[in-house]
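# An overview of the molecular structure
Listed here are the chains, written in short residue letters.
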Amino acid sequence: MQTVHSIAELRHALRHTTRPAFVATMGNLHAGHLALVAQAKPLGDATVASIFVNRLQFLPHEDFDSYPRTFEADRDKLEAAGCDVLFAPRERDLYPEPQTFKVQPDPALADLLEGEFRPGFFTGVATVVMKLFMAVFAGKAQGTAVFGKKDYQQLMVIRRMVQQFALPIDIAGHETERADDGLALSSRNGYLSTEERSHALQLAQALQALARDAAAASPAQLPTLESAAMQALAALGWQPDYLTVRRRADLLPPQAGDGAGQLVALGAARLGSTRLIDNLEF
Ligand code: PAF
């Protein structure tokens with residue numbers, strides 16, 4: 001595996017590649033990331049992974065400074081996973097000057113759920129992903145990028161961005177990888193104390209219960225079910241931002257006629273100081 005830091009080095013490393021397959025990460029890699037690499041591998045003639053903790057997508061009070069940086073271990077894992085090129089830009093490589101041009105996603109998709117609680121988050125994500133895409137795919141007729149479905153709304157924002165800008169990139173979604181007990185894998189799980197980790201599955205369980213109840217309810221009953229789900233999780237010691245049922249197509253509240261196979265339950269909640277997200281399609 002070749003490790004490169006600048007966009008110029010990356011383009012040189014990919015000069016003979018016609019269809020890159022790409023996985024964007026912020027590092028601190030776990031089995032979920034490596035599953036994305038495994039999915040990407042057969043989809044291109046070179047597999048590229050990036051590691052970059054993107055300042056633009058963190059709010060001032062969030063964990064940009066403390067976000068776990070485990071570069072050597074990450075590089076070894078990617079090499080073992082058969083990745084061909086690791087793109088690990090330093091901040092000055094990706095943002096040599098303040099990034100004053102940004103990708104502004106449609107507020108109808110990006111200002112709700114995660115965007116409501118993390119204002120500007122999806123602008124930061126879309127901007128860095130566009131820049132990473134330009135670094136990896138510029139000059140290529142076609143390529144593929146794989147993103148995890150744990151970040152459900154992020155995957156939708158990126159799909160829409162690719163569609164709106166007519167980028168020649170296929171976006172593939174990967175089912176959420178889970179620990180043996182069912183906890184969605186996330187770099188932020190590492191923040192949990194042993195005690196918190198033993199309760200962390202409660203978010204996924206709350207979403208399962210909400211989805212089960214919602215499947216038997218009318219759209220008008222959903223706000224009551226959502227409030228009850230949030231109160232039940234809060235009673236277990238969590239601070240929920242949202243637990244909600246939305247349409248998979250646009251993340252808006254379901255209407256009459258929207259039913260099984262078209263919905264997703266999404267949740268975000270804080271356990272101690274760790275904010276976790278999860279979702280369940282049903
Ligand atoms: O999902 C992530 O790890 C990040 O949001 C991404 C897509 C790598 C952009 O920084």
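What counts, and where the lines are drawn
Residues numbered from 1 in each chain as written. Predicted model: local features only at pLDDT ≥ 70, side-chain atom pairs only at ≥ 80, totals over all residues. Heavy atoms only, no water. Axes fitted to C-alpha atoms, helices over the stretch in contact; angles between N-to-C directions. Helix = DSSP H or I, 4+ residues; strand = E, 2+ residues; numbered from the N terminus. Parallel < 35°, antiparallel > 145°, perpendicular 65-115°, else oblique. Left-handed = near helix turned anticlockwise from the far one by under 90°. Contact = heavy atoms within 4.5 Å. Phe/Tyr/Trp six-rings, centres within 6.5 Å; stacked < 30°, edge-to-face > 60°. Buried < 20%, exposed > 50% of the residue type's maximum accessible area, 1.4 Å probe, protein only. Pairing = 2+ DSSP bridges. Near = heavy atom within 4 Å. Polar contact = N/O pair within 3.5 Å; in protein donor to acceptor, adjacent residues only side chain to side chain. Areas by Shrake-Rupley, 256 points an atom, 1.4 Å probe, with all protein chains shown as cover. Nonpolar A, V, L, I, M, F, W, Y, C, P; charged D, E, K, R; others polar. Right-handed = clockwise from strand over helix to strand, strands pointing away.

## Brief notes about the packing of helix H7 (residues 121–137) against helix H8 (residues 152–164)
Where H7 contacts H8, the two axes come as close as 10 Å, and the packing angle between them is 55°. By the angle between their directions, the pair H7 and H8 is classed as oblique. Handedness of the crossing formed by H7 with H8: right-handed. Counted together, Phe 121, Phe 122, Val 125, Ala 126, Val 129, Met 130 and Phe 133 of H7 and Gln 153, Gln 154, Val 157, Ile 158, Met 161 and Val 162 of H8 form the full contact between these two elements.

## Details of the packing of aromatic side chains
Summed over all chains, the structure comprises nine aromatic pairs. Arranged with centres 5.9 Å apart and planes meeting at 35°, the rings of Phe 117 and Tyr 242 form a pair that is tilted. Residue Phe 117 is found in helix H6 (residues 114–117), and its partner Tyr 242 is found in strand E7 (residues 239–247); the two are separated by 125 residues along the sequence. The exposure class of Tyr 242 is buried, given its relative accessible area of 8%. Consider the rings of Phe 133 and Phe 137, whose centres lie 5.6 Å apart with planes at 75°: the pair is edge-to-face. Of this pair, Phe 133 and Phe 137 both sit in helix H7, separated by four residues, roughly a single helical turn.

## Re the sheet that holds strand E4 (residues 85–87)
An order of E1-E4-E3-E2-E5-E6 is seen for the six strands of this open sheet, with the pairing classed as parallel. The strands lining the two open edges of the sheet, one partner per strand, are strand E1 (2–4) and strand E6 (169–174). Here the average twist between neighbouring strands, direction ignored, is 25°. Bridging between strand E2 (residues 20–25) and strand E3 (residues 46–51) involves six bridges; their strand directions are parallel.

## Some words on the site of the ligand
Neighbouring the ligand are the residues Ala 24, Thr 25, Met 26, Asn 54, Gln 57, Val 125, Val 128, Phe 147 and Gln 154. Within the side chain of Gln 57, one N or O atom sits 2.7 Å away from an oxygen atom of the ligand. Within the side chain of Gln 154, one N or O atom sits 2.7 Å away from an oxygen atom of the ligand. Taking 290 Å² as the accessible area of the ligand by itself, protein coverage stands at 88%. Taken together, the elements giving at least two residues each to the shell around the ligand come down to E2 and H7. Looking at the shell around the ligand residue by residue, the classes come out as five nonpolar, four polar and no charged.

## Considering the side chain of Thr 274
One can find Thr 274 in strand E9 (residues 274–281). When residues no more than four places from it in sequence are discounted, the contact partners of Thr 274 are Arg 188, Tyr 191, Leu 192 and Ala 269.

## Points about the pairing of strand E5 (residues 143–148)
Taking burial as the measure, the six residues of E5 include five buried ones, the bulk of the element. Sheet topology places E2 next to E5; two bridges connect them, and they run parallel. Each residue of the ladder has a partner; that of Phe 22, found in E5, is Ala 145. Bridge count for E5 against E6 is six bridges, and the pairing is parallel. Looking across to E6, one finds that Phe 147 is bridged to Gly 173. In the classification by handedness, the crossover that spans E5, the intervening H8 and the parallel E6 is right-handed.

## Things to note about the sheet that holds strand E8 (residues 263–271)
An order of E7-E8-E9 is seen for the three strands of this open sheet, with the pairing classed as antiparallel. In this open sheet, the two edge strands, each paired with only one partner strand, are E7 and E9. Each adjacent strand pair in this sheet contributes to an overall mean axis angle of 10°, direction not counted. Pairing of E8 with E9 involves eight bridges; the strand directions are antiparallel. Across the sheet, the residue bridging to Ala 268 is Ile 277, located in E9. The strands touched by helix H11 (residues 222–235) within the sheet are E7 and E8, with E7 carrying the most contacts at an inclination of about 150°.

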